[in-house]
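# Reading the structure
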Amino acid sequence: MPGLQRSCPCGSGSSLDGCCGPLLRAETLATTAEQLMRSRYSAYALGDLDHLIRSWHPRTRPRDLRLDPDVAWLGLVVHETSAGGPTDASGTVRFTARYRDATGNHSLDENSGFARRAGRWVYEGPVD
């Protein structure tokens, strides 16, 4: 993965190699739901379909997941987390992700649900 010393797309302020890079390369597992959510945002920003599939719960994962090459991810703000820590079985992360597509700039506001499955965090989907 080129450019590992550049800033991580997740907005942590760390380099990609010091933040989401090891998760994207499957060298390590996320220890918290927020860490997995940030790596998933980075995967969208970098076009890493493998990480998105690997980190999505099989029960809720789309059968045909494709990334739109015309979407540019512009930034991530994590507003709140609930549970999702190193010893929790589940958690939520509320965030706003900004992006641009052919029709202009947009934002995605979501409260995402995560669960620990076979010892690793996976994304389940939006929750109320």
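Let me begin by describing the structure that accompanies this report.

Calculation rules
Residues numbered from 1 in each chain as written. Predicted model: local features only at pLDDT ≥ 70, side-chain atom pairs only at ≥ 80, totals over all residues. Heavy atoms only, no water. Pairing = 2+ DSSP bridges. Helix = DSSP H or I, 4+ residues; strand = E, 2+ residues; numbered from the N terminus. Axes fitted to C-alpha atoms, helices over the stretch in contact; angles between N-to-C directions. Salt bridge = Lys/Arg side-chain N within 4 Å of Asp/Glu carboxyl O.

## Concerning the sheet that holds strand E3 (residues 104–117)
- Read from one edge to the other, the open sheet built from 4 strands follows the order E1-E2-E3-E4, with strand pairing classed as antiparallel. If you trace the sheet from one side to the other, it starts and ends with strand E1 (72–83) and strand E4 (120–126), each paired once. For this sheet the average axis-to-axis angle between neighbouring strands, irrespective of direction, equals 30°.
- With 6 bridges connecting them, E3 and E4 associate as antiparallel partners.

## Points about the pattern of salt bridges
- Throughout the structure, instances matching the rule amount to 6 salt bridges.
- Here Glu34 makes a salt bridge to Arg38, at a shortest N to O gap of 3.0 Å. With Glu34 and Arg38 both in helix H2 (residues 33–46) and 4 residues apart, this pair spans about one turn of that helix.
- Of the charged contacts, one joins Asp64 and Arg66 as a salt bridge, the two residues approaching to 3.0 Å between their closest N and O atoms.
- Look at the salt bridges and you will find they share partners, linking Asp17, Arg25 and Glu27 into a network.

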